[in-house]
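# Analysis of the macromolecular model
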Amino acid sequence: MSDTALLDVDGTLVDTNYQHALAWFRAFRRFDLTLPVWRIHRAVGMGGDQLVPAVAGAEFEDAHGDAARDAWTEEFEPMFGEVQPFDGARDLLVELRRRGWKVVLASSGQQDQVEGYLDLMGARDLVDGWTTSQDAESTKPAPDLFHAALQRVGGSSGVVLGDSTWDFEAAGNAGMTAVAVRTGGFSTEELTTAGAVAVFDSLPDLLEGLDGTPLSRPS
């Protein structure tokens, strides 16, 4: 019985994936490591605990992992003012609530960032709860964050909305159905291969086709 809509935030509701990729590029440069930005982008959607070893290797993680994550925070902060919600983000939250879903933002972002996104969308009164990086021992593609988000709002089962392949691997690992938007820069084929049961180009497109998805109504 699905009663909870679990929404990824970065790249799904707010347009941040490319700022994140650039912040990681600059963070790695502090350690004299230059990685192609496209390669970093392919890992955006993972939490920082997963991203650093995935793109820089286990040896770099052991030597510099925590410092690199701190550097990423410092590099991303000046770009926060550039972040904007995607068209339709607030409308989607309103509609999901109207249809009877519990709505929880399943984010591995830092607390101040997630709360900043809530304020950008004017959405504090539209969600039943949210998670941050402090709420899961392992981030996506591990299922921990979705389990924590479901528990946060007392849900029985959830449907995930995300934008990256890592969202759908995590949803599959959590035993949850998932719907995708292409706002993170991944292709339809990549998203369906990772486990998305439906893919939309944008949030307004999703809203228009909501009745044909698992997010139609709580079951």
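Residue positions are given per chain, counting from 1 as you read along its sequence in written order. In keeping with the predicted nature of the model, local features appear solely for residues at pLDDT of at least 70, side-chain atom pairs appear and are counted solely at 80 or more, and the whole-chain, interface and lining totals rest on all residues. The side-chain quantities take in all heavy atoms of the structure and omit both hydrogens and water.

## Re the overall build of the protein chain
Helix and strand counts for the protein chain come out as 10 helices and 6 strands. Here the C-alpha atoms of the protein chain give a radius of gyration of 16 Å, agreeing with the 17 Å that 2.2 N^0.38 yields for 219 residues. By its C-alpha atoms, the protein chain is 50 × 30 × 30 Å across when sized along the principal axes. With a 1.4 Å probe rolled over the protein chains alone, any residue whose accessible area is under 20% of its type maximum counts as buried; one over 50% counts as exposed, and the rest are partly exposed. When each of the 219 residues of the protein chain is scored for burial, the buried share is 53%. Contact between two residues is taken to exist if any of their heavy atoms lie within 4.5 Å; hydrogens are not considered. Considering only contacts in the protein chain between residues 6 or more positions apart, those separated by 24 or more positions represent 68%. Entry remark: accessible area of the protein chain is about 9,300 Å², with carbon and sulfur atoms responsible for 45%. Counted as positive: Lys and Arg. Counted as negative: Asp and Glu, with His and the chain ends omitted from the count. Note on charges: their place is set at NZ of Lys, CZ of Arg, CG of Asp or CD of Glu. For the protein chain, the distance from the average position of its 16 positive side-chain charges to the average position of its 35 negative side-chain charges is 4 Å. Each helix is a run of H or I in the DSSP string that is no shorter than four residues. Each strand is a run of E no shorter than two, and both are numbered from the N terminus. When we talk radius of gyration, it's over C-alpha atoms, and the globule rule is simply 2.2 Å times the number of residues to the 0.38. Accessible surface area values rest on a Shrake-Rupley calculation with a 1.4 Å probe, where residue burial reflects the displayed protein chains alone.

## Let's talk about the pairing of strand β2 (residues 102–105)
In this structure, strand β1 (residues 4–7) lies alongside β2, joined through 4 bridges in parallel fashion. When the bridges of β2 are listed, A5 appears paired with V103. Criterion used throughout: strands pair if DSSP finds at least two bridges between them. Bridge count for β2 against strand β3 (residues 129–130) is 2 bridges, and the pairing is parallel. Following the sheet pairing, V104 is matched in β3 by G129. Between β2 and its parallel partner β3, the chain crosses via helix α6 (residues 111–121), and the hand of that crossover is right-handed. If the strands point away from the viewer and the path from the first strand over the helix to the second runs clockwise, then the crossover is right-handed.

## Comments concerning helix α4 (residues 58–76)
By this rule the span expected of a helix is its residue count minus one, scaled by 1.5 Å. Under the 1.5 Å per step criterion, the end-to-end length of α4 is only 23 Å for 19 residues, more than 12% shorter than the ideal 27 Å. Bend at a residue means the angle formed by two fitted axes: the first through the 7 residues ending at that position, the second through the 7 residues beginning there. The largest bend along α4 reaches roughly 75 degrees and is located at H64. F60, G65, A68, R69, A71, W72, E75 and F76 are the residues of α4 that are buried. Contact partners of the buried residues in α4: α1 (17–29), α3 (48–56) and α6.

## Structural notes on the layout of surface pockets
Using only the protein atoms, space was sampled on a 1 Å grid; points where a 1.4 Å probe fits but cannot get out form cavities, open sets with protein on both sides within 12 Å along at least five of seven lines form pockets, and lining residues are those with an atom within 4 Å of a point. Grid points are joined across faces, edges and corners, and a volume is the space filled by probe spheres set on the points. Empty space within the largest pocket amounts to approximately 430 Å³. What lines the largest pocket is a set of 25 residues, among which M46, G47, G48, W72 and S108 lie closest to the centre. If one sorts the elements of the lining of the largest pocket by residue count, α4 sits on top with 4 residues. Taken together, the residues of the lining of the largest pocket sort by class into 6 nonpolar, 13 polar and 6 charged. In this classification, Asp, Glu, Lys and Arg are treated as charged, Ala, Val, Leu, Ile, Met, Phe, Trp, Tyr, Cys and Pro as nonpolar, and every other residue, Gly included, as polar.

## As for the sheet that holds β2
Taking strand neighbours across the sheet as the criterion, the 6 strands line up as β3-β2-β1-β4-β5-β6 in an open arrangement whose pairing is parallel. Among the strands making up the open sheet, the edge pair consists of β3 and β6 (199–200). As paired strands, β1 and strand β4 (residues 158–162) are joined by 4 bridges and run parallel to one another. Residue pairing across strands places L7 opposite L161, the latter belonging to β4. Fitting a line to C-alpha atoms yields each axis, with helices limited to the stretch in contact; the angle taken between N-to-C directions then spans 0 to 180 degrees. In the packing of helix α8 (residues 165–173) onto the sheet, the strands contacted are β4 and β5 (177–181), and the crossing angle to β5 comes to about 170 degrees.

## Some words on the packing of aromatic side chains
For any pair of aromatic rings, the description rests on two quantities: the centre-to-centre distance and the angle between the ring planes. Pairs were defined over the aromatic rings of Phe, Tyr and Trp, the Trp ring being its six-membered one, requiring ring centres within 6.5 Å. Orientation was assigned from the angle between planes: stacked under 30 degrees, edge-to-face over 60, tilted for the rest. Using the criterion set out here, one finds 7 aromatic pairs in the structure. Here the aromatic rings of W72 and F76 are separated by 5.5 Å at their centres, their planes lie at 15 degrees, and the arrangement is stacked. Within this pair, W72 and its partner F76 are both found in helix α4, separated by 4 residues, close to a single helical turn. Taken as a pair, W72 and F76 share a single burial class, namely buried. Consider the rings of F80 and Y117, whose centres lie 5.4 Å apart with planes at 15 degrees: the pair is stacked. Note that F80 is positioned in the loop between α4 and α5 (89–98) and Y117 in helix α6, a separation of 37 residues in sequence. Ring-pair connections join several aromatic residues into one group, and the members of that group are W24, F28, F31, F60, W72, F76, F80 and Y117.

## Points about helix α7 (residues 144–152)
All buried positions along α7 are accounted for by L145, F146, A148, A149 and L150. Here the buried face of α7 lies against β1, β2, β4 and α8. Taken from the residues just after α7, G154 is the one with a positive phi, measuring 65 degrees.

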